[in-house]
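So you can see what is in the structure, the chains are spelled out below.
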Protein chains: 2
Amino acid sequence: MVSTEPATVRLQSIRRSPAQARILAVALNLFAEHGVSGTSLQMIADGLGVTKAAVYHKFNTKSEIVLAVAENEFAKLEAVLETAEILEPRVRAREMLLLRVIDMAIERRRWVSVLQSDPVMIRLLADHEPLLRITERVYGLLLDGATGPEARVAAAVMSAAIGGTLVHPLVADLDDETLRRNLLRITRRIFDVDG
Amino acid sequence: MVSTEPATVRLQSIRRSPAQARILAVALNLFAEHGVSGTSLQMIADGLGVTKAAVYHKFNTKSEIVLAVAENEFAKLEAVLETAEILEPRVRAREMLLLRVIDMAIERRRWVSVLQSDPVMIRLLADHEPLLRITERVYGLLLDGATGPEARVAAAVMSAAIGGTLVHPLVADLDDETLRRNLLRITRRIFDVDG
DNA sequence: GTCTATATGAAGATAGAC
DNA sequence: GTCTATCTTCATATAGAC
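The sections below set out a description of the structure shown in this document. (Residues numbered from 1 in each chain as written. Chains lettered and ligands numbered in written order. Predicted model: local features only at pLDDT ≥ 70, side-chain atom pairs only at ≥ 80, totals over all residues. Heavy atoms only, no water.)

Moving on, we get to the overall build of chain A. A tally of helices and strands in chain A yields 10 helices and zero strands. Mapped in sequence order, the helices and strands of chain A form the string α-α-α-α-α-α-α-α-α-α. Its C-alpha radius of gyration of 18 Å places chain A within 12% of the 16 Å reference for a compact globule of 195 residues. Taken along its principal axes, the extent of the C-alpha atoms in chain A is 55 × 55 × 25 Å. Taking the intrachain contacts of chain A between residues at least 6 apart in sequence as the baseline, contacts between residues at least 24 apart amount to 73%. Element-wise, carbon and sulfur atoms account for 56% of the exposed surface of chain A, whose accessible area totals about 9500 Å². (Helix = DSSP H or I, 4+ residues; strand = E, 2+ residues; numbered from the N terminus. Rg over C-alpha atoms; globule rule 2.2 N^0.38 Å. Contact = heavy atoms within 4.5 Å. Areas by Shrake-Rupley, 256 points an atom, 1.4 Å probe, with all protein chains shown as cover.)

Here's what the structure looks like:
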């Protein structure tokens, strides 16, 4: 059978009802504050002002909520990626990706920790092909063929630096613009020499 | 009453029975893998090959286990700190602290994520004075009086970079020595210009 | 130091009414 | 889309024996 369906559905094309979107927004906030395991369906329901049953009507399991939250966030990353991947030369594509990822991370600084370091999220990311593929594309573009330890450590440092810095208590009181300027300066320094 | 007791007990002076130490070792491993909230006392008991009641005999609550795990780890940091703080000039003290923290983090790379980013741990760290004080001393020495955004972002990036890089999938297959060499090179680059 | 047994509550999850 | 009611499982935690 000849199909025009893509092998992988674009995450951006996933549509949710308003009720589902509300659940995901509340869940993301609670995940960020308490971790995925530390967040119960009761807490999500309370956050929405409804009962657990109402939440279960929209998502059959807690896992589905976690996955949907991840898909939502990775859809934004996918959009950035698609724009960057068609850019030439590659060095410009990389620069652009870096800029946009930092912007995205700063915009969503209250939430990056869940996506980057929650054990449940990490496991989901490793097991769920579409999410894994997005991550691989990001690193593929960032490393641009380089596979040596230097390049990989540099990319890992950058990823850790961007995500980890934003949630750090030392910079909690800094405004977005100051944070972006400094983060960009520092990541450029990491990147330019090794990337 | 005149007392020779220090206002704060040194974390290194806390002694545990062998049974307690075994519990903490198993707990730390499970916390790293599943997060603190994702780890039950049943899992810890199973990991030890005993019943829950046996664990409860040594620690009255799960919180106590979490706190003891944190104290154990921070005691190592405290030891490094005490050695560094008496060094002169300050630039040497900072260099030494950085080196030893990186070594410590690499030695304990499977566990840094719990201490650095688990929501339960973060809350504990913010609420528990003795742990908070250790953290403040680390940043105090690292920043050495600097309070500007540049210095603070640099310190945050470094902290995030060290902890976050070690657990990153991109470097999961790299040996400790390669990791240390590259991490040191990169953190020096962040540090030397801003620190 | 470890066990069995048990209490109590909260978790995930479903059925069926409105 | 939301409710009440209910089920089951698992969580934290304790009592008391060996």
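So, on to the protein's contact with DNA strand C. Every one of the 18 residues lining DNA strand C counts as a neighbour, but A:L41, A:Y56, B:T51, B:H57 and B:K58 are closest to it. The share of sugar and phosphate among atoms of DNA strand C within 4 Å of the protein is 57%. A:L41 places a main-chain nitrogen or oxygen 2.8 Å from a phosphate oxygen of DNA strand C. Between A:Y56 and DNA strand C, the recorded distance is 3.3 Å, taken from a side-chain N or O atom to a phosphate oxygen. Secondary-structure elements contributing two or more residues to the surface near DNA strand C are helix 2 (41–48) and helix 3 (52–58) of chain A together with helix 3 (52–58) of chain B. Examining the composition of the surface near DNA strand C, we find that four residues originate from one element, helix 3 of chain B, more than from any other. (Near = heavy atom within 4 Å. Polar contact = N/O pair within 3.5 Å; in protein donor to acceptor, adjacent residues only side chain to side chain.)

The transformation that overlays chain B on chain A combines an axial shift of 0.0 Å with a rotation of 180°, and the residual RMSD is 0.0 Å. Put plainly, the chains are arranged around a two-fold axis. Closest to the rotation axis within chain B is the C-alpha of B:A161, separated from it by 2.4 Å. Of all interface residues in chain B, 100% are interface residues in chain A too; the two copies therefore contact each other through one and the same surface. (Least-squares fit on C-alpha atoms with pLDDT ≥ 70 in both.)

Residues and elements named next belong to chain A. Scanning the entire structure with this criterion turns up 24 salt bridges over all chains. Across the pair D144 and R90 runs a salt bridge, and its minimum N-O distance is 3.5 Å. Placement of the pair is D144 in the loop between helix 8 (129–143) and helix 9 (149–166) and R90 in helix 5 (residues 90–107), with a sequence separation of 54 residues. Assessed through its relative accessible area of 32%, D144 is described here as partly exposed. For R90, a relative accessible area of 35% puts it in the partly exposed group. The salt bridge involving E129 is made with R133; its shortest N-O contact spans 3.0 Å. Here E129 and its partner R133 are both found in helix 8, four residues apart, which amounts to about one turn of the helix. (Salt bridge = Lys/Arg side-chain N within 4 Å of Asp/Glu carboxyl O. Buried < 20%, exposed > 50% of the residue type's maximum accessible area, 1.4 Å probe, protein only.)

This brings us to the protein's contact with DNA strand D. The immediate surroundings of DNA strand D are formed by 17 residues, with A:T51, A:H57, A:K58, B:K52 and B:Y56 found nearest. A breakdown of the atoms of DNA strand D within 4 Å of the protein gives sugar and phosphate a share of 56%. Interatomic distance of 2.6 Å between a backbone N/O atom of A:T51 and a phosphate oxygen of DNA strand D. B:K62 places a polar main-chain atom, nitrogen or oxygen, 3.0 Å from a phosphate oxygen of DNA strand D. For the surface near DNA strand D, the secondary structure elements donating two or more residues are helix 3 of chain A together with helix 2 (41–48) and helix 3 of chain B. Examining the composition of the surface near DNA strand D, we find that four residues originate from one element, helix 3 of chain A, more than from any other.

Contacts between the two partners involve 38 residues from chain B and, on the opposite side, 38 residues from chain A. Sorting the residues of chain B by area buried against chain A places B:R152, B:L170 and B:R189 first, and these three jointly supply 20% of that buried surface. Counting across the chain B and chain A interface gives two salt bridges. For A:D173, the salt bridge goes to B:R152, with nearest N and O atoms at 2.5 Å. At the boundary of chain B with chain A, the tally comes to 11 residue pairs in polar contact (both at pLDDT 80 or more). Going through the elements one at a time, helix 1 (18–34), helix 7 (119–127), helix 8 (129–143), helix 9 (149–166) and helix 10 (176–194) of chain B are the ones with two or more residues in the side of chain B that touches chain A. The element best represented in the side of chain B that touches chain A is helix 9 of chain B, accounting for 13 residues. Counted by class, the side of chain B that touches chain A contains 19 nonpolar, 11 polar and eight charged residues. (Buried area = accessible area lost by both parts, 1.4 Å probe. Nonpolar A, V, L, I, M, F, W, Y, C, P; charged D, E, K, R; others polar.)

Nonpolar side chains in soluble globular proteins tend to be buried together. Within the largest apolar cluster, 132 residues are counted, with the highest numbers of intra-cluster contacts made by A:I65 and B:I65. The greatest single-element share of this core, amounting to 12 residues, is contributed by helix 4 (residues 62–85) of chain A. If sequence neighbours within four positions are ignored, B:I65 has contacts with B:I23, B:L24, B:A27, B:F31, B:L41, B:I44, B:V55 and B:F59. (Core = buried A, V, L, I, M, F, W, Y, C linked by side-chain atoms within 4.5 Å.)

All names here are of chain A. With respect to the element layout, R110 can be found in the loop between helix 5 and helix 6 (112–117). Taking the C-alpha atoms as reference points, R110 and V167, 57 residues apart in sequence, are found 7.0 Å from one another. For R110, the residues in contact, after removing those within four places along its chain, are N29 and A32. At 3.5 Å, the side chain of R110 and the side chain of N29 are in polar contact.

For residues other than glycine, phi is negative in most cases, and the peptide bonds are mostly trans. Residue and element names in this part refer to chain A. A cis amide bond links E88 to the next residue, P89, at an omega of -5°. The topology assignment puts P89 in the loop between helix 4 and helix 5. At D144, a position not held by glycine, the phi torsion is positive, near 50°.

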